[in-house]
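# Understanding the architecture of this molecule
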Amino acid sequence: MDGVVGALFEYATTDSGLDEPDQLSVAATGGYGRGVLAPFSDIDLLFLTAEEPTPQTLRVVEYMLYFLWDLG
């Protein structure tokens, strides 16, 4: 899962054609963040942005969420 989230973040922030976001980080939470991800459990991610994220940042977050949702 680390590879999928990392590759998706890299693609969404550099190669997707979206503008580069300002001040965006992704943190794993829950069982995934603790390193005890159970089979078929949810992947809990926390998107850290500026207090008022830019439209570019919101587009990248939305892109990642839709992509992960579509993966199931």
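Our subject is the structure listed above.
Note that the coordinates shown come from a computational prediction; the quantities given were computed from them, not determined experimentally. (Residues numbered from 1 in each chain as written. Predicted model: local features only at pLDDT ≥ 70, side-chain atom pairs only at ≥ 80, totals over all residues. Heavy atoms only, no water.)

This part is about helix 1 (residues 2-15). Note: α-helices contain 3.6 residues per turn, so residues at a spacing of three or four share the same orientation. Given a rise of 1.5 Å per residue, 14 residues ought to cover 20 Å, and the 19 Å separating the end C-alpha atoms of helix 1 matches this to within 8%. Along helix 1, the residues that are buried comprise Val-5, Leu-8, Ala-12 and Thr-13. Projected down its long axis, helix 1 shows its buried positions confined to an angular sector of 115°, all on one face. The outward face of helix 1, more than 90 degrees from its buried face, is lined by the exposed residues Asp-2, Gly-3 and Asp-15. For helix 1, the secondary structure elements touched by its buried residues are strand 1 (25-29), helix 2 (30-34), strand 2 (44-48) and helix 3 (55-71). (Helix = DSSP H or I, 4+ residues; strand = E, 2+ residues; numbered from the N terminus. Expected span 1.5 Å × (residues − 1). Buried < 20%, exposed > 50% of the residue type's maximum accessible area, 1.4 Å probe, protein only. Arc of directions from axis to C-beta. Contact = heavy atoms within 4.5 Å.)

The next subject is the nonpolar core. With 8 residues, the main nonpolar core is built from Leu-8, Ala-12, Leu-24, Phe-47, Val-60, Val-61, Met-64 and Leu-68. Of all the secondary structure elements, the ones that give two or more residues to this core are helix 1 and helix 3. Broken down by element, this core gets its largest block of residues, 4 residues, from helix 3. Setting aside residues no more than four positions away along its own chain, Ala-12 makes contact with Leu-18, Val-60, Tyr-63 and Met-64. (Core = buried A, V, L, I, M, F, W, Y, C linked by side-chain atoms within 4.5 Å.)

As a further point, take the layout of surface pockets. Its volume calculated, the largest pocket comes out at about 440 Å³. Forming the walls of the largest pocket are 13 residues, and the residues nearest its centre are Asp-42, Ile-43, Leu-68, Trp-69 and Gly-72. Listed by contribution, the elements that provide at least two residues to the lining of the largest pocket are strand 2 and helix 3. Among the elements that take part in the lining of the largest pocket, helix 3 stands out by supplying 4 residues, more than any other. When the residues that make up the lining of the largest pocket are grouped by side-chain class, the tally is 9 nonpolar, 2 polar and 2 charged. (1 Å grid on protein atoms, 1.4 Å probe; cavity = no way out; pocket = protein on both sides within 12 Å on 5 of 7 lines; lining within 4 Å. Points joined across faces, edges and corners; volume = space filled by probe spheres on them. Nonpolar A, V, L, I, M, F, W, Y, C, P; charged D, E, K, R; others polar.)

The next point concerns the packing of aromatic side chains. A full pass over the atoms with the stated rule returns 2 aromatic pairs. Arranged with centres 6.3 Å apart and planes meeting at 25°, the rings of Tyr-63 and Phe-67 form a pair that is stacked. With Tyr-63 and Phe-67 both in helix 3 and 4 residues apart, this pair spans about one turn of that helix. Taken together through their ring pairs, the aromatic side chains of Tyr-11, Tyr-63 and Phe-67 make up a single cluster. (Phe/Tyr/Trp six-rings, centres within 6.5 Å; stacked < 30°, edge-to-face > 60°.)

Compared with the 24 Å implied by 1.5 Å per residue over 17 residues, the 24 Å span of helix 3 between its first and last C-alpha is a close match. Every buried residue of helix 3 is accounted for by Thr-57, Val-60, Val-61, Met-64 and Leu-68. Looking straight down helix 3, one finds that the buried residues subtend no more than 95° of arc, so they occupy a single side. Exposed residues pointing more than 90 degrees away from the buried face of helix 3 are listed as Pro-55, Tyr-66, Trp-69 and Asp-70. Where helix 3 is buried, its residues meet helix 1, strand 1 and strand 2. Trailing helix 3 by a residue or two, Gly-72 shows a phi angle of about 90°, which is positive.

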